[in-house]
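# Working through the structure, step by step
Chain residues, written in single-letter form:
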Amino acid sequence: MSNLMTEDDFNFLLNGPHRSYYEGRWEYFSVVLRMIEGIHPNRVLEIGPGWMPVVKDADLMYAPEEDQFGRPDSAHGQIFIHDATQKPWPFEDCVYDLVVALNVFEHLDNKQSRAFREVMRITHHAILTVPFCWTGGESRWMHRIHRDIDRELVKDWTLGIEPCEIVEIPRVGSKFAQGPRLVYHWEFK
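Keep in mind the model is a prediction, meaning the values are calculated, not measured. (Residues numbered from 1 in each chain as written. Predicted model: local features only at pLDDT ≥ 70, side-chain atom pairs only at ≥ 80, totals over all residues. Heavy atoms only, no water.)

Here R34 lies in helix 3 (residues 26-39). Measuring from C-alpha to C-alpha, the distance between R34 and L182 comes to 15 Å, with 148 residues separating the pair along the chain. A polar atom in the side chain of R34 sits 2.8 Å from the side chain of E165. (Helix = DSSP H or I, 4+ residues; strand = E, 2+ residues; numbered from the N terminus. Polar contact = N/O pair within 3.5 Å; in protein donor to acceptor, adjacent residues only side chain to side chain.)

Structure (structure tokens):
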């Protein structure tokens, strides 16, 4: 079983310099961690892990450009620098038990279905989170890409493949970034 982020780890992040990024995220992080515990993965790839991956010993995939939402200070798995919108990803078929991407897919520049095909190719399970029906935030470009994502759009991004579980996380605060989220878990045969 993989080495998972704990609530203490999360609180360390919440009390550090990236507090505003992590505020309100434990609600969905805890759901993701529960899902991971039910999968019992050995090999995990986490895409865009922020300042700490939820699976501490996961392999990590970062975009080639600098990410304003950070990169872990230390990594225990391999690091791959690769744009998730570009095929093929640098992995063999079915090499991972799990791919995790928390609030990443909305950033993939209308190439989500391309990325999802690669996820399906390299893993047996996937957990993705996305903002759910956020409105407002017109003043900032980064906010605009988070708006108006609904179940139908995610279904388009994920090729109509039905997940085995969807959890809706309600709004957790008044800030734009604390809006509702959807947590998806797929199992691929």
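Resuming the write-up.
Quick look at the nonpolar core now. Grouped together as the largest cluster of nonpolar side chains are 30 residues, with contacts concentrated most on M5, Y22, F29, I36, V54, I127 and V183. Among the elements of the structure, helix 1 (7-14), helix 2 (19-22), helix 3, strand 2 (59-62), strand 4 (96-102) and strand 6 (165-169) are those that each provide at least two residues to this core. For this core, the leading source of residues is helix 3, giving 8 residues. Once residues lying within four places of it in the same chain are set aside, the contact partners of M5 are F10, L13, F29, L33, M52, P53, V54 and K56. Listed in part, the 28 residues of the second largest apolar core include L45, A84, F116 and Y184. (Core = buried A, V, L, I, M, F, W, Y, C linked by side-chain atoms within 4.5 Å. Buried < 20%, exposed > 50% of the residue type's maximum accessible area, 1.4 Å probe, protein only. Contact = heavy atoms within 4.5 Å.)

Our focus in this paragraph is unusual backbone geometry. Only a minority of non-glycine residues have a phi that is not negative, and only a minority of peptide bonds are not trans. At the junction of K87 and P88, the peptide bond is cis and its omega measures out at -10° in the coordinates. Of note, P88 is situated in the loop between strand 3 (79-81) and strand 4. For N110, which is not glycine, the phi torsion reads 60° and is therefore positive. Relative to the helices and strands, N110 resides in the loop between strand 4 and helix 4 (112-122). You can call N110 exposed: its relative accessible area is 72%.

With that out of the way, let us pick up the packing of aromatic side chains. Considering all chains together, one arrives at 13 aromatic pairs under this definition. With a centroid separation of 5.0 Å and 65° between ring planes, the pair formed by F116 and W186 is classed as edge-to-face. Here the residue F116 occupies a position in helix 4, and W186 occupies one in strand 7 (residues 181-187), the gap between them amounting to 70 residues. Neither residue differs from the other here; F116 and W186 are each classed as buried. Taken together, F10, Y21, Y22, W26, Y28, F29 and W51 form an aromatic cluster joined through their ring pairs. Residue placement shows R25 over the ring face of Y21; its charged tip is 3.8 Å from the ring centre. (Phe/Tyr/Trp six-rings, centres within 6.5 Å; stacked < 30°, edge-to-face > 60°. Lys NZ or Arg CZ within 6 Å of the ring centre and 35° of its normal.)

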